[in-house]
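Summary of the model geometry
Take a look at the letters that make up each chain.
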Amino acid sequence: MARLAGVTVRTLRHYHQVQVLAEPPRTSNGYREYTIRDLVRLLRIEQLSGLGVPLERMPAVFDDADSEELSSVQLLD
């Protein structure tokens, strides 16, 4: 998924560590099994990051569709 989204594996792991992207379950061979929903969220994280939204504010943006941050981001976008 990292390659598809254009991020490094290290970036992906960092997003898991700071909890802006949930770590998915692993398959029997130990690989993480990402969904399309995970990919969309990762792309949104990258977009918001590019617009200057700090990682620590992103959960509020994602969790509250009516948030002031989301309105500001939509305006910037």
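In this convention, every chain numbers its residues from 1, walking through the sequence in written order. Only residues with pLDDT of 70 or above have their local features reported here, since the model is predicted, and side-chain atom pairs are shown and tallied only from 80 upward, although totals for entire chains, interfaces and linings are computed over all residues. Based on all heavy atoms of the structure, the side-chain values leave hydrogens and waters out of the count.

Now for the side chain of His16. Helix numbering and strand numbering both begin at the N terminus, where a helix is a DSSP run of H or I of at least 4 residues and a strand a DSSP run of E of at least 2. On the secondary structure map, His16 appears in helix H2 (residues 9–17). You can call His16 buried: its relative accessible area is 10%. In this analysis, two residues are considered to be in contact whenever any of their non-hydrogen atoms come within 4.5 Å of each other. If near-sequence neighbours (up to four positions away) are discounted, His16 is found in contact with Leu21, Ala22, Glu23, Pro24, Arg32 and Tyr34. Exposure classes here rest on a 1.4 Å probe applied to the protein chains alone. A residue is buried below 20% of its type maximum, exposed above 50%, and partly exposed in between.

Bringing the environment of Leu48 into the picture now. Among the structural elements, Leu48 can be located in helix H3 (residues 36–50). Separated by 10 residues in sequence, Leu48 and Met58 have C-alpha atoms that sit 7.8 Å apart.

With that settled, consider the nonpolar core. The criterion is simple. A nonpolar core is a set of buried Ala, Val, Leu, Ile, Met, Phe, Trp, Tyr and Cys residues joined through side-chain atoms within 4.5 Å. Tyr15, Leu21, Leu42, Ile45, Leu48 and Met58 are the most contacted members of the largest nonpolar core, which totals 15 residues. Contributing elements (two or more residues each) for this core: helix H1 (2–5), H2, H3 and helix H4 (58–63). With 4 residues, H3 is the single largest residue contributor to this core.

Now for the packing of H2 against H3. Structural elements are reduced to axes, namely lines fitted to C-alpha atoms, with helices fitted over the stretch in contact, and the angle between N-to-C directions of any two is expressed from 0 to 180 degrees. Packing of H2 against H3 leaves a shortest axis separation of 12 Å and a crossing angle of 95 degrees. Classified by the interaxial angle, the pair formed by H2 and H3 is roughly perpendicular. Where H2 abuts H3, its residues Thr11, Leu12 and Tyr15 lie against Leu42, Ile45 and Glu46. Within the contact of H2 with H3, the residues separate by chemical class into 4 nonpolar, 1 polar and 1 charged. Oblique is the label for any angle not covered by the other classes, which are roughly parallel (under 35 degrees), roughly antiparallel (over 145) and roughly perpendicular (65 to 115). By the convention adopted, Pro, Cys, Tyr, Trp, Phe, Met, Ile, Leu, Val and Ala count as nonpolar, Lys, Arg, Asp and Glu as charged, and the other residues, Gly among them, as polar.

Right, let's talk about unusual backbone geometry for a bit. Phi is positive for Gln19, close to 65 degrees, though the residue is something other than glycine. Among the structural elements, Gln19 can be located in the loop between H2 and H3.

As a further point, take the confidence of the model for the protein chain. Every residue gets a pLDDT, meaning the predictor's confidence in that residue, from 0 to 100. Residues with a pLDDT of 70 or more make up 82% of the protein chain, whose mean pLDDT is 84. When the elements of the protein chain are averaged for pLDDT, helix H5 (residues 68–76) gives the smallest value, 56, and H2 the largest, 95.

Next up on the list: H2. All of the buried residues along H2 are Leu12, Tyr15 and His16. The buried residues of H2 occupy an angular sector of 105 degrees when the element is viewed end-on, so they sit on one face. More than 90 degrees from the buried face of H2, the exposed residues found are Arg10 and Gln17. On its buried side, H2 packs onto H1 and H3. In the segment just after H2, Gln19 is the residue with positive phi, at about 65 degrees. Arc, as used here, means the arc of the directions from the helix axis to the C-beta atoms.

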